[in-house]
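# Summary of structural features
So you can see what is in the structure, the chains are spelled out below.
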Amino acid sequence: MSVLTQFIGGGIKSVQRGVTGSVVASGTETITINAVDTSKSVLINLGVATTNTGTFYTAQGYLELTNSTTITYTNGGGSNSCKCAWQIVEYY
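Now for a look at the structure at hand. As the structure is a prediction and not an experimental result, all values here were calculated from the model. (Residues numbered from 1 in each chain as written. Predicted model: local features only at pLDDT ≥ 70, side-chain atom pairs only at ≥ 80, totals over all residues. Heavy atoms only, no water.)

This brings us to the pattern of salt bridges. Scanning the model with the defined rule gives one salt bridge in all. One salt bridge connects Lys13 with Glu90, and the closest N-O pair in it is separated by 4.0 Å. Of the two residues, Lys13 sits in strand β1 (residues 12-19) while Glu90 sits in strand β6 (residues 82-91), which places them 77 residues apart along the sequence. Look at Glu90 and you get buried, because its relative accessible area is 5%. (Salt bridge = Lys/Arg side-chain N within 4 Å of Asp/Glu carboxyl O. Helix = DSSP H or I, 4+ residues; strand = E, 2+ residues; numbered from the N terminus. Buried < 20%, exposed > 50% of the residue type's maximum accessible area, 1.4 Å probe, protein only.)

As a further point, take the environment of Asp37. Relative to the helices and strands, Asp37 resides in the loop between β2 (28-32) and β3 (41-50). Judged by its relative accessible area of 32%, Asp37 falls in the partly exposed class. For the pair Asp37 and Asn67, spaced 30 residues apart in the sequence, the C-alpha separation amounts to 9.0 Å. Here the side chain of Asp37 touches Ser39 through a polar contact of 2.7 Å, side chain to side chain. (Polar contact = N/O pair within 3.5 Å; in protein donor to acceptor, adjacent residues only side chain to side chain.)

This next bit is on the sheet that holds β6. Taken in spatial order, the three strands of this open sheet run β1-β6-β3, and their pairing is antiparallel. If you trace the sheet from one side to the other, it starts and ends with β1 and β3, each paired once. Between one strand axis and the next, the sheet turns through 10 degrees on average, direction left out of account. Of the strand pairs in this sheet, β1 and β6 are connected by seven bridges, and their pairing is antiparallel. Each residue of the ladder has a partner; that of Ser14, found in β6, is Glu90. (Pairing = 2+ DSSP bridges. Axes fitted to C-alpha atoms, helices over the stretch in contact; angles between N-to-C directions.)

Here it is in structure tokens:
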């Protein structure tokens, strides 16, 4: 039995993914997902990009699994709106 199987159990139960809308600087967005067991789920930030296409800007922000049906994305600041791609994996 692999170490990973010992840690997470019987494998993947569900995968959900998406992209936030354009979140203003220092703003937040809540995303409703299908219910997951928060103790058996991993939330992954797949990347953040600024919505300003004219000039390069550093995109920043973070995701939080707020509860079993809600993810919250917070734009980390700066002066640009950002979008964030995310994925949540729930294990058995």
